Amino acid sequence: MQRILLFLYSLRAFLLFVVLEVIAIWLIVSYNSQQGSVFFNSSNQFSAKVLGTKNNVTDYFSLREVNNRLLDTNAQLLAELEMYRKPADSAFIELDSTLLTSFDFKGAKVINNSIRLNHNYLTLNKGSKHGVKPGMGVFNGEGVVGRVKGVTDNFATVISLLHTELLVSSKIETSEVFGSIKWDGIDSKNAKLLYVPRHVNVKKGDKIVTSGYNAVFPEGIAIGKISEVSQGTDTNYLDITVELSTDFTRISYVYLVENTIEEELDSLYINSELNNERQ
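Here is a short report on the structure shown in this document. Bear in mind the structure is a predicted one, so any value in this text is a computation, not a measurement.

1. Describing the pairing of strand E11 (residues 239–244)
Turning to step 1, where the next piece is worked out: By the bridge criterion, four bridges tie strand E8 (residues 190–194) to E11 in an arrangement that is antiparallel. Bridging across to E11, Leu 193 finds its partner in Ile 240.
Turning to step 2, where the next piece is worked out: Across six bridges, strand E10 (residues 222–230) lies against E11 in antiparallel orientation. Bridging from a neighbouring strand, Gly 224 pairs with Leu 244 of E11.

2. What about unusual backbone geometry?
Turning to step 1, where the next piece is worked out: Phi at Glu 176 takes a positive value of approximately 65°, unusual for a residue other than glycine.
Turning to step 2, where the next piece is worked out: Along the chain, Glu 176 turns up in the loop between strand E6 (167–172) and strand E7 (178–182).

3. Description of the pattern of salt bridges
Turning to step 1, where the next piece is worked out: The full count for this structure, using the stated rule, is seven salt bridges.
Turning to step 2, where the next piece is worked out: Here Glu 258 makes a salt bridge to Lys 133, at a shortest N to O gap of 2.9 Å. Placement of the pair is Glu 258 in strand E12 (residues 253–259) and Lys 133 in the loop between strand E2 (119–124) and strand E3 (137–139), with a sequence separation of 125 residues.
Turning to step 3, where the next piece is worked out: Between Asp 239 and Lys 192 there is a salt bridge, and its shortest N-O distance comes to 3.1 Å. Placement of Asp 239 in strand E11 and of Lys 192 in strand E8 is noted, with a sequence separation of 47 residues between them.
Turning to step 4, where the next piece is worked out: In this structure, a network of salt bridges that share partners links the residues Glu 142, Asp 247 and Arg 250.

4. Considerations on the packing of aromatic side chains
Turning to step 1, where the next piece is worked out: Applying the stated criterion to the full structure yields four aromatic pairs.
Turning to step 2, where the next piece is worked out: Seen in terms of ring centroids, Phe 178 and Tyr 213 are 4.4 Å apart; in terms of plane orientation they differ by 20°. Their pairing is stacked. Of this pair, Phe 178 sits in strand E7 while Tyr 213 sits in the loop between strand E9 (207–210) and E10; the two residues are 35 residues apart in sequence, bridging distant segments of the chain.
Turning to step 3, where the next piece is worked out: When its relative accessible area of 32% is taken as the criterion, Phe 178 is described as partly exposed.
Turning to step 4, where the next piece is worked out: Pairing Tyr 195 with Tyr 237 gives two aromatic rings, centres 5.8 Å apart and planes at 80°, and the pair type is edge-to-face. Pair noted here: Tyr 195 is in the loop between E8 and E9 and Tyr 237 is in the loop between E10 and E11, with a separation of 42 residues, a long-range link.
Turning to step 5, where the next piece is worked out: Counting every residue linked through ring pairs, the aromatic cluster contains Phe 105, Phe 139 and Tyr 255.

Cut-offs used in this document
- Residues numbered from 1 in each chain as written.
- Predicted model: local features only at pLDDT ≥ 70, side-chain atom pairs only at ≥ 80, totals over all residues.
- Heavy atoms only, no water.
- Pairing = 2+ DSSP bridges.
- Helix = DSSP H or I, 4+ residues; strand = E, 2+ residues; numbered from the N terminus.
- Salt bridge = Lys/Arg side-chain N within 4 Å of Asp/Glu carboxyl O.
- Phe/Tyr/Trp six-rings, centres within 6.5 Å; stacked < 30°, edge-to-face > 60°.
- Buried < 20%, exposed > 50% of the residue type's maximum accessible area, 1.4 Å probe, protein only.

Here is the structure:
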């Protein structure tokens, strides 16, 4: 304490100068309207800048919470949209409540992602205690991402669309011709559309979406667009390259979709001795 007092005593001249300067400025501002207005305008601008910077910093650190809230809200809106989506044909048939609510949506954040392997995976920050189950489809605002493989209490692993063993049932949106999307392990931006017969008229730029003919994805989720078409070496099918709509190099948030009547469908196929092609 004595050292602090000695230090302040050594600065007595400077401190006295500062006090006198403050008093002088206060007297000038208080008794001169022009200088007072300039001072208060300047102080208001300075305060506004300080408060603006403070708000920007606060907003930045709250972005994660905001994104999570938006993700949950969007998942709810997707579920409501799926409920009220009408079929594309001209005749609309009223569906019962079971079919209207056949899909449920959840949001999650990607905490790990690989794109340089033949079998690529993602890791999500949601698990079984959040309602995530193996087999759920995964997509984002751009398009299909993959399918849930394994789940723990708090995390889930996802088979990426960039996985050479994953097939996704899809169709050409304009012609309704069905096929299967499969990654060939070469380019993270492109995949192959398989099993499209050679007689089908396919054009570059045609949009590829999920077919809805499986227990994983609802119909109409974007996958990509056709970038190349050739006759290929197979005598039955075209060689079609699809430019994927999802940019796997910058995935941050995803949606998980669950078919709530999947078990009933599986039971039906088993009892009918049919194979359910879960693509």
